[in-house]
Amino acid sequence: MSKTPNASNALDSRLSHTVSPTDYAKFDPDTIHQKLNTSLSRPQLNTDGSIRHFLGIEGLNKAQLQAIIAKAETFFDDNGQLINRPELEGYTVMNLFFEPSTRTRTTFEVAEKRLGANVLNIDIERSSTKKGESLRDTLWNLQAMTADIFVVRHSASGAAHFMATEVTPDIAIINGGDGWHAHPTQGMLDMLTIHREAPRPFEELSVAIVGDIKHSRVARSDISALQTLGVKDIRVCAPRTLLPKGIERFGVQVYENMNECVSDCDVIMGLRIQNERIGSPLLASSSEYYKHYGITPERVALAKPDALVMHPGPMNRGVEIASSVADGAQSVILKQVNNGIAIRMAVLSLAMEGQRAHQAARL
């Protein structure tokens, strides 16, 4: 259906809200793409395109993702070692992890301290939200304690966006993972790793993502980032029970045969299989999964000789990946962890800078 002024105005009025699938059918594809990206970019961006919150990769353009990567690169010295830079000295960062995480929380904390921030880890298990206080009231109380940045992980999809739009818009919100929706800093640390380690530019790469695509916020963020950065050949491989319905519409090629999926590719990304999926109707057994979808030396040999092997961790060795591959010469898994610190330093610094600019513009 062609776009009419009334339809355009109706969609414009909902830019700050999620557009439902039923709404999509009312507009032509170009309008959908343009308006959806604009909607997703709010409230992440200032009017000049600078980052104010970091809630998700969707809605950010190629130049903005490249700016995050370029900023992360400034935190490495000439020998590739991370350096400290007190860009957040005098600012307070609160880590609000409403669901457990070790690696993400720890790397955020290291990043914050390398930037010179005052760091507070809030014990959610003993917080007032466990005593019946609403999330909104808890956040307002934390804001009153002179917080400048909230790093948030929550089991509910959209929690970080809710905080940024409805509760604490003057606090820079960094999404540390929300439900099955997004894990944007993981996506960006993966992009930094590819940028630093792959022998070819994004536009020339073939990337295979293997594992539980259906429940993975990492896969969603990675696919979005890869597409935005120009990767044209994105492959996904998993049992049908672990693939979202209609995933092809996201511009990926779906493979059921692992050998075909990784053949001649540049990057193999494994995803974690959660233990509760094993032995359920979704997945018969860990041995069966490894037989058909495990990242083994034989399958890595089918990829390009200089292919990278990646995994967001924690790894289930002998289920998702062979130990010899995880520890092998083509593995960049430990580099991902190190790069995660740099990316989180970059996002924290850019978001605080953008939040300060936003507040100054209102004075």
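Residues numbered from 1 in each chain as written. Predicted model: local features only at pLDDT ≥ 70, side-chain atom pairs only at ≥ 80, totals over all residues. Heavy atoms only, no water.

Colleague: Just checking my understanding: could you explain the side chain of Gln 44 for this structure?
Modeller: You can see Gln 44 is positioned in the loop between helix H3 (29-41) and helix H4 (62-73). By relative accessible area, which is 2% here, Gln 44 ends up buried. Looking at Gln 44, its side chain comes within polar contact range of the main-chain nitrogen of Leu 55, at 2.6 Å. Only 3.0 Å separates the side chain of Gln 44 from the backbone nitrogen of Gly 56, close enough to count as a polar contact. (Helix = DSSP H or I, 4+ residues; strand = E, 2+ residues; numbered from the N terminus. Buried < 20%, exposed > 50% of the residue type's maximum accessible area, 1.4 Å probe, protein only. Polar contact = N/O pair within 3.5 Å; in protein donor to acceptor, adjacent residues only side chain to side chain.)

Colleague: Looking at this model, I keep getting lost on the layout of surface pockets. Mind explaining?
Modeller: Where empty space is left in the structure can be found by rolling a water-sized probe over the atoms. Roughly 660 Å³ of volume is contained in the second largest pocket. Lining of the second largest pocket is provided by 31 residues; of these, Arg 153, Arg 217, Val 218, Arg 272 and Gly 313 occupy positions nearest its centre. Elements supplying a minimum of two residues to the lining of the second largest pocket: helix H5 (103-114), helix H8 (184-197), helix H9 (217-228) and helix H14 (333-361). In terms of residue count, H14 provides more of the lining of the second largest pocket than any other element does, five residues in total. Its residues assigned to classes, the lining of the second largest pocket comprises nine nonpolar, 14 polar and eight charged. (1 Å grid on protein atoms, 1.4 Å probe; cavity = no way out; pocket = protein on both sides within 12 Å on 5 of 7 lines; lining within 4 Å. Points joined across faces, edges and corners; volume = space filled by probe spheres on them. Nonpolar A, V, L, I, M, F, W, Y, C, P; charged D, E, K, R; others polar.)

Colleague: Even after reading the chapter, I still don't get the environment of Val 167, so can you show me in this structure?
Modeller: Mapped onto the elements, Val 167 comes out in helix H7 (residues 159-167). Residue Val 167 is classed as buried on the basis of its relative accessible area of 6%. Taking the C-alpha atoms as reference points, Val 167 and Asp 137, separated by 30 residues in sequence, lie 8.8 Å from one another. Setting aside residues up to four positions removed in sequence, Val 167 forms contacts with Arg 136, Leu 139, Trp 140, Gln 143 and Phe 162. (Contact = heavy atoms within 4.5 Å.)

Colleague: Hey, could you run me through the sheet that holds strand E6 (residues 233-237) in this one?
Modeller: Across a sheet, paired strands are connected by hydrogen bonds in the backbone, their directions being either parallel or antiparallel. The parallel open sheet is built from five strands, whose spatial order is E7-E6-E5-E8-E9. The outermost strands of the open sheet, each flanked by one partner alone, are strand E7 (253-255) and strand E9 (308-310). Put simply, the sheet's adjacent strands are angled 20° from each other on average, direction ignored. Across five bridges, the pairing between strand E5 (residues 206-210) and E6 is parallel. (Pairing = 2+ DSSP bridges. Axes fitted to C-alpha atoms, helices over the stretch in contact; angles between N-to-C directions.)

Colleague: Would you mind showing me how to read the pairing of E5 here?
Modeller: On a regular strand, one side chain projects to one face of the sheet and the next to the other, so that they alternate. The buried fraction of E5 amounts to five of the five residues, a majority that puts the element mostly inside the structure. Crossover E5 to E6 through H9 is right-handed. Relative to strand E8 (residues 267-270), E5 runs parallel, the two being bridged by four bridges. Residue pairing across strands places Val 207 opposite Val 267, the latter belonging to E8. (Right-handed = clockwise from strand over helix to strand, strands pointing away.)

Colleague: What is the right way to look at the sheet that holds strand E1 (residues 92-97) in this model?
Modeller: Within the open sheet, the four strands sit side by side as E2-E1-E3-E4. Their pairing is parallel. Looking at the sheet topology across the chains shown, the edges are occupied by strand E2 (118-121) and strand E4 (172-178). Sheet twist, expressed as the average angle between the axes of neighbouring strands with direction ignored, equals 15°. With four bridges connecting them, E1 and E2 associate as parallel partners. Note that in E2 the partner of Val 93 across the bridge is Val 119. Where H5 meets the sheet, its contacts fall on E1, E2, strand E3 (149-154) and E4, and the angle it forms with E1 comes to roughly 180°.

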